[in-house]
Amino acid sequence: MADMGAFRDAVTAWAAGGPGDTAHELAARLTVRATVLLEGPSDVAAVDALAASRGRNLAAEGVCVLPIGGAMSVGRYAPLLGPPGLGLRLTGLCDEAERPYYARGFERAGAAQHGFFVCAADLEDELIRALGVRRVEELVREEGDLRALRTFLRQPAQQGRAPQQQFRRFLGTKKGRKIHYGRVLVEALDPDRVPAPLDALLTTL
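A.B. asks: Could you clarify how one ought to interpret the nonpolar core in this entry?
C.D. replies: One recurring pattern in soluble globular proteins: nonpolar side chains tend to sit buried together. Counting 40 residues, the largest nonpolar core has Val 47, Leu 58, Val 65, Leu 93, Leu 185 and Leu 198 as the members making the most contacts within it. Considering each element in turn, this core owes the most residues, six residues, to helix 3 (residues 41-53). Once residues within four sequence positions are removed from consideration, Leu 198 is found in contact with Val 47, Leu 50, Leu 93, Leu 123, Leu 127 and Val 186.

Encoded structure:
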């Protein structure tokens, strides 16, 4: 039976230059109504974790949460999925520095310019600020990464940097770590401490 994962794969292949027939077929079969365009898999992990914490199954609701491999790719995906293509509602989450890519991509697709949400630096920065450095360090310890963190903090490049910047950089130092902590940090949030861009994204879906 087809699932949302198959639809994501079909859209990714289509955006890479392949045919769009499978994506069209699956969109109809799965009754896909909206697509969340995210820069990478760590953002997907965070969005999925927040949805689960609120008792929601986005795939069952017809929402495809899609990593696009960087903000510059939004210009390829948005026209395929938005009004010129499958006619789905488009939304997304991006870093402040990548806002222009999303704005141009959504404009090109004829999608609402206010339809995506922007993190001040990036989503990891938003989550670290929401939790506080002390709580993030506790989570790193609970996840068994405290030794790796202490080794990282001894590096000359980290001396003099603000703790929040250090933790943000630490999350990106090992493959898969940002994805793992995308889920861990969101699951540790108090319901009233969810970063505004992430909260707004889920609320509008």
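A.B. asks: Mind showing me how you'd approach the packing of aromatic side chains here?
C.D. replies: Ring pairs (aromatic) are described by centroid distance and by the angle formed between their planes. This model, assessed by the stated rule, comprises four aromatic pairs. An angle of 65° between the planes, with centres 5.1 Å apart, marks the rings of Phe 106 and Phe 116 as edge-to-face. Note that Phe 106 is positioned in helix 5 (residues 99-108) and Phe 116 in strand 4 (residues 116-119), a separation of 10 residues in sequence. Look at Phe 106 and you get buried, because its relative accessible area is 0%. The interplanar angle of 55° and the centroid separation of 5.7 Å between the aromatic rings of Phe 152 and Phe 170 together place this pair among those described as tilted. Placement of the pair is Phe 152 in helix 8 (residues 146-153) and Phe 170 in helix 9 (residues 163-170), with a sequence separation of 18 residues. You'll find Phe 152 and Phe 170 in the same group, each marked buried.

A.B. asks: What exactly am I supposed to notice about the side chain of Glu 124 here?
C.D. replies: Positionally, Glu 124 belongs in helix 6 (residues 123-131). Using a relative accessible area of 7% as the deciding quantity, one classes Glu 124 as buried. Not counting the four nearest positions on each side in its chain, Glu 124 is found in contact with Ser 42, Asp 43, Leu 171 and Lys 178.

A.B. asks: Hey, could you run me through the side chain of Ser 73 in this one?
C.D. replies: Relative to the assigned elements, Ser 73 resides in the loop between strand 2 (63-67) and helix 4 (74-81). Only 3.2 Å separates the side chain of Ser 73 from the backbone oxygen of Ile 68, close enough to count as a polar contact.

Conventions adopted
Residues numbered from 1 in each chain as written. Predicted model: local features only at pLDDT ≥ 70, side-chain atom pairs only at ≥ 80, totals over all residues. Heavy atoms only, no water. Core = buried A, V, L, I, M, F, W, Y, C linked by side-chain atoms within 4.5 Å. Buried < 20%, exposed > 50% of the residue type's maximum accessible area, 1.4 Å probe, protein only. Helix = DSSP H or I, 4+ residues; strand = E, 2+ residues; numbered from the N terminus. Contact = heavy atoms within 4.5 Å. Phe/Tyr/Trp six-rings, centres within 6.5 Å; stacked < 30°, edge-to-face > 60°. Polar contact = N/O pair within 3.5 Å; in protein donor to acceptor, adjacent residues only side chain to side chain.

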